[in-house]
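What follows is the residue order along each chain.
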Amino acid sequence: MNDKISDFFRHRREDIQDYLGGGNLARLIVSVVGIYFVMALGLGWLWSDEPELVDINQYAENLAQEMASERVTGFTTTTSLIFLMETLLDKSGGYITNDIFPPGLMLDNITNWEYGVLVQVRDLARVFRKDISRSQSQSVEDKDLTIAEPQFHFDNGSWALPATETEYRRGLDAAYSYRARLVDSKQSDAQFYARADNLRSWLSEVENRLGSLSRRLSESVGRKQLDLGLAGDANAQQSTQSDGAQERKTSWFEIDDVFYEARGAAWALVHVLKAVEYDFRGVLTDKNALVSLQQIIIELESTQEPMWSPMILNGSGFGVLANHSLTMSSYISRASAAIIDLRSLLQQG
């Protein structure tokens, strides 16, 4: 009996050796790797699809009904903040920026789109904590926003120990808690002050972000830039002396990154601005600034048109090939200029 068992295993071992020795192992490895990369390409194409714009006001209205709560002042803007972060974490493929394996590792367009959205989330969360939730500078910070804001500023590329998604969800939990307290008529410690000065504070952050993006996009063709850092102040000083004129040009290898970062930022801003239009309607109407806000939304919505080109082209300003960066820059620049006008209107008595 033992001899039969020994013969059985000996024959199986010989079969395995024959299989491996006949080059089948190499074919097996090649087949597995090939299947993996085909699947990775398919998933990469699926995960690179940017989320569509949604009607944030209808979304907030439906959510308020589900929560059986009143759509109080600030509910819609808070919901837009939460929606942006939920989308980052739960969209097709989930959060991709910190992936260390294909296909996520190879997807740079969607990761830059994620970063554009994330920056807007961070800016809005900071203004929530610093201004919107406080009645004056001596007021105590909201207990949930003191958690949410720093959590959203956690390293966006951490893969583990802790993972970025884990930290962002902690921030989301705090934002959920703030929103729940906001609509609770039995509590008054959670507030949202829809005042002109608070809106101007957030718009100042947006203006700076869009201005930077517009400059980086327009530098796709290279441009000479004068140093204007001390302009307008005869006694102004700076740390080190800079050249009077510099040639600036965004690298061809980086221009698609800037393009998709701007596209993500604009996508996020459309949702927040539409929420702001609802929550700050009284202020905007009083300042006769509602139409200015709506024009900003129109400009940013134009940045979300479908991309028909398989790659971001970087043609010269008046050359044969298109320059997608300059097109994006034109929309971003007009939105930025409109924000300057809007902030001016809000400052007027």
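Values in this document were obtained by computation on a predicted structure and should not be read as measured data. (Residues numbered from 1 in each chain as written. Predicted model: local features only at pLDDT ≥ 70, side-chain atom pairs only at ≥ 80, totals over all residues. Heavy atoms only, no water.)

A.B. asks: Before we move on, could you go through the packing of helix α3 (residues 56-66) against helix α4 (residues 75-90) and cite the residues and values that matter?
C.D. replies: Their axes nearest at 10 Å, the elements α3 and α4 cross at an angle of 100°. Viewed along their axes, α3 and α4 adopt a mutual orientation that is roughly perpendicular. Counted together, Ile 56, Asn 57, Tyr 59, Ala 60, Leu 63 and Ala 64 of α3 and Phe 75, Thr 76, Thr 79, Ser 80, Phe 83 and Glu 86 of α4 form the full contact between these two elements. Along the lines of polarity and charge, the residues of the contact of α3 with α4 split into seven nonpolar, four polar and one charged. (Axes fitted to C-alpha atoms, helices over the stretch in contact; angles between N-to-C directions. Helix = DSSP H or I, 4+ residues; strand = E, 2+ residues; numbered from the N terminus. Parallel < 35°, antiparallel > 145°, perpendicular 65-115°, else oblique. Contact = heavy atoms within 4.5 Å. Nonpolar A, V, L, I, M, F, W, Y, C, P; charged D, E, K, R; others polar.)

A.B. asks: So what's going on with the nonpolar core? Which residues, and what values?
C.D. replies: Formed by 78 residues in total, the largest nonpolar core has its most connected members in Met 85, Trp 202, Leu 284 and Leu 300. When residues of this core are assigned to their parent elements, the largest contribution, 14 residues, is made by helix α9 (residues 255-279). (Core = buried A, V, L, I, M, F, W, Y, C linked by side-chain atoms within 4.5 Å. Buried < 20%, exposed > 50% of the residue type's maximum accessible area, 1.4 Å probe, protein only.)

A.B. asks: Could you give an account of the pattern of salt bridges, with specific residues and numbers?
C.D. replies: Throughout the structure, instances matching the rule amount to 20 salt bridges. In this structure, the salt-bridge partner of Glu 205 is Arg 126, at a minimum N-O distance of 3.3 Å. Pair noted here: Glu 205 is in helix α8 (residues 196-218) and Arg 126 is in helix α5 (residues 109-132), with a separation of 79 residues, a long-range link. Of the residues examined, Glu 205 reaches a relative accessible area of 21% and is grouped as partly exposed. You can call Arg 126 partly exposed: its relative accessible area is 22%. Across the pair Glu 277 and Arg 281 runs a salt bridge whose closest N-O atoms are separated by 3.5 Å. For Glu 277, a relative accessible area of 14% gives the class buried. (Salt bridge = Lys/Arg side-chain N within 4 Å of Asp/Glu carboxyl O.)

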